[in-house]
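Descriptive structure summary
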Amino acid sequence: MKAEQAASLLARTPLFAGLNESELLGLGACARRHSYRRGQYIFHQGDTGDAVFVLTEGRVKVIFASADGDEMILATLQPPDVFGELALIDGGPRSASIQTLEPTAVLSLTRATLLGLMSRQPGVTDVILRSLGMLVRRMIAQAADLVFMDLHGRVAKLLLRMIEDLSDHPSQLTSL
């Protein structure tokens, strides 16, 4: 994939939308495109967190597995969502697995590439911190729902969120 194409895809994400053209082209030159079949794992919980991913085609689910092997779907993502951001903070192991729901394409950016950009462009650090803050807030809200809402309330809230997501991404209606 050419740097210009990758830059154009990165510019569609909330994480990178505020970057100028030269910064996007620089990132685009470093981005690697990967394609996955339906049901394939992009990474597993516990893997080394060495890259951030931008979803460019398809949909994926974020899965957390317990020590007993029980699984919980934390989120369903679609373009132009970004995942794997926690790797930017500590480079630690993946906190969840990512599995494709349909044929999927992603762009990956290494932790080293993004840390370099953050040191040269402080505004990028601000955007990444906001993204991580939104992730933490979403996880806190999910935990609160589990504690304070009954099953019917959680299902109703999930359905409302799915409707909102579909209204934000009308192209997904054709894939249902």
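Everything numeric here is computed off the predicted structure, so don't read it as measured data. (Residues numbered from 1 in each chain as written. Predicted model: local features only at pLDDT ≥ 70, side-chain atom pairs only at ≥ 80, totals over all residues. Heavy atoms only, no water.)

1. Observations concerning the sheet that holds strand E6 (residues 82-83)
With antiparallel pairing, the four strands of this open sheet are ordered in space as E1-E8-E3-E6. The open sheet terminates on both sides in strands that have one partner only, identified here as strand E1 (32-36) and E6. Looking at chain direction, strand E3 (residues 51-57) and strand E8 (residues 104-110) are connected through six bridges and run antiparallel. Across the sheet, the residue bridging to Glu57 is Ala105, located in E8. (Pairing = 2+ DSSP bridges. Helix = DSSP H or I, 4+ residues; strand = E, 2+ residues; numbered from the N terminus.)

2. Things to note about the environment of Arg120
Checked against the element boundaries, Arg120 lands in helix H4 (residues 111-120). Judged by its relative accessible area of 57%, Arg120 falls in the exposed class. Separated by 15 residues in the primary sequence, Arg120 and Ala105 place their C-alpha atoms 29 Å from one another. From its side chain, Arg120 meets the backbone oxygen of Gly116 in a polar contact 3.1 Å long. (Buried < 20%, exposed > 50% of the residue type's maximum accessible area, 1.4 Å probe, protein only. Polar contact = N/O pair within 3.5 Å; in protein donor to acceptor, adjacent residues only side chain to side chain.)

3. Let's talk about the packing of aromatic side chains
Tallied over the full model, the rule gives three aromatic pairs. Plain terms: the ring middles of Phe43 and Phe53 are 5.6 Å apart, the flat faces sit at 40° to each other, and that makes the pair tilted. In this pair, Phe43 is assigned in strand E2 (residues 41-43) and Phe53 in strand E3, connecting sequence segments 10 residues apart. There is no split in this pair, since Phe43 and Phe53 are both buried. Measuring from ring centre to ring centre gives 6.0 Å for Phe43 and Phe83, while their planes differ by 45°; the resulting arrangement is tilted. Remark: Phe83 occurs in strand E6 and Phe43 occurs in strand E2; sequence separation between them is 40 residues. Neither residue differs from the other here; Phe43 and Phe83 are each classed as buried. These aromatic residues form a ring-pair network of at least three members: Phe43, Phe53 and Phe83. (Phe/Tyr/Trp six-rings, centres within 6.5 Å; stacked < 30°, edge-to-face > 60°.)

4. Re the nonpolar core
If you look at the biggest cluster of nonpolar residues, it comprises 23 residues, and the most contacted ones within it are Leu10, Phe16 and Leu27. Elements with a minimum of two residues in this core: helix H1 (3-11), helix H2 (21-30), E3, E8, H4 and helix H5 (122-148). When sequence neighbours within four positions are dropped, the list of residues in contact with Leu27 reads Leu10, Phe16, Leu19, Leu109, Thr113, Leu114 and Leu117. One finds Leu55, Phe83, Ala96 and Ile98 within the second-largest nonpolar core, a separate group that totals 15 residues. (Core = buried A, V, L, I, M, F, W, Y, C linked by side-chain atoms within 4.5 Å. Contact = heavy atoms within 4.5 Å.)

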